[in-house]
Amino acid sequence: MQEYSRILIEQYCMTHKNTKKSKFMWDLVDLSYTMECEPEEWEALQLERYINQERNPELREALEDLDEFLFG
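Worth saying up front: this structure is predicted, and the values here are computed from it rather than measured.

Rules behind the numbers
- Residues numbered from 1 in each chain as written.
- Predicted model: local features only at pLDDT ≥ 70, side-chain atom pairs only at ≥ 80, totals over all residues.
- Heavy atoms only, no water.
- Axes fitted to C-alpha atoms, helices over the stretch in contact; angles between N-to-C directions.
- Helix = DSSP H or I, 4+ residues; strand = E, 2+ residues; numbered from the N terminus.
- Parallel < 35°, antiparallel > 145°, perpendicular 65-115°, else oblique.
- Left-handed = near helix turned anticlockwise from the far one by under 90°.
- Contact = heavy atoms within 4.5 Å.
- Nonpolar A, V, L, I, M, F, W, Y, C, P; charged D, E, K, R; others polar.
- Salt bridge = Lys/Arg side-chain N within 4 Å of Asp/Glu carboxyl O.
- Buried < 20%, exposed > 50% of the residue type's maximum accessible area, 1.4 Å probe, protein only.

A. Broad picture of the packing of helix α2 (residues 20-34) against helix α3 (residues 41-53). Running from N to C, α2 and α3 cross one another at 125 degrees; their axes reach a closest spacing of 11 Å. Classed by the angle they form, the pair α2 and α3 counts as oblique. Along this stretch, α2 crosses α3, giving a crossing that reads as left-handed. Facing α2, whose interface residues are Lys 20, Lys 21, Phe 24 and Leu 28, α3 presents Trp 42, Glu 43, Gln 46, Leu 47 and Tyr 50. Residue composition of the contact of α2 with α3, grouped by class: five nonpolar, one polar and three charged.

B. Expanded view of the pattern of salt bridges. If you walk through the whole model with that rule in mind, you get three salt bridges. Between Arg 6 and Glu 3 there is a salt bridge whose closest N-O contact spans 3.4 Å. Note that Arg 6 and Glu 3 are positioned in helix α1 (residues 3-15) at a spacing of three residues, about one turn of the helix. Of the charged contacts, one joins Arg 60 and Glu 64 as a salt bridge, the two residues approaching to 4.0 Å between their closest N and O atoms. With Arg 60 and Glu 64 both in helix α4 (residues 57-71) and four residues apart, this pair spans about one turn of that helix. Owing to a relative accessible area of 37%, Glu 64 belongs among the partly exposed residues under this scheme.

The quantities given are spatial measurements derived from coordinates; they are silent on function.
Rendered as structure tokens:
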């Protein structure tokens, strides 16, 4: 996974701290650093929904990168 993608997602999460979306994405980015456990199927489906709804092209690309890395 590209480090730039992680940075973009982390920046989003820092500026939108109290949203369900940011908490979910923060957990997945954290998981991408450790990979101690396998992500669940529902997480893949939720991430796919967030990708489809994202309007910011840079953040969308970063989320796609995260999806490919975790669920590839």
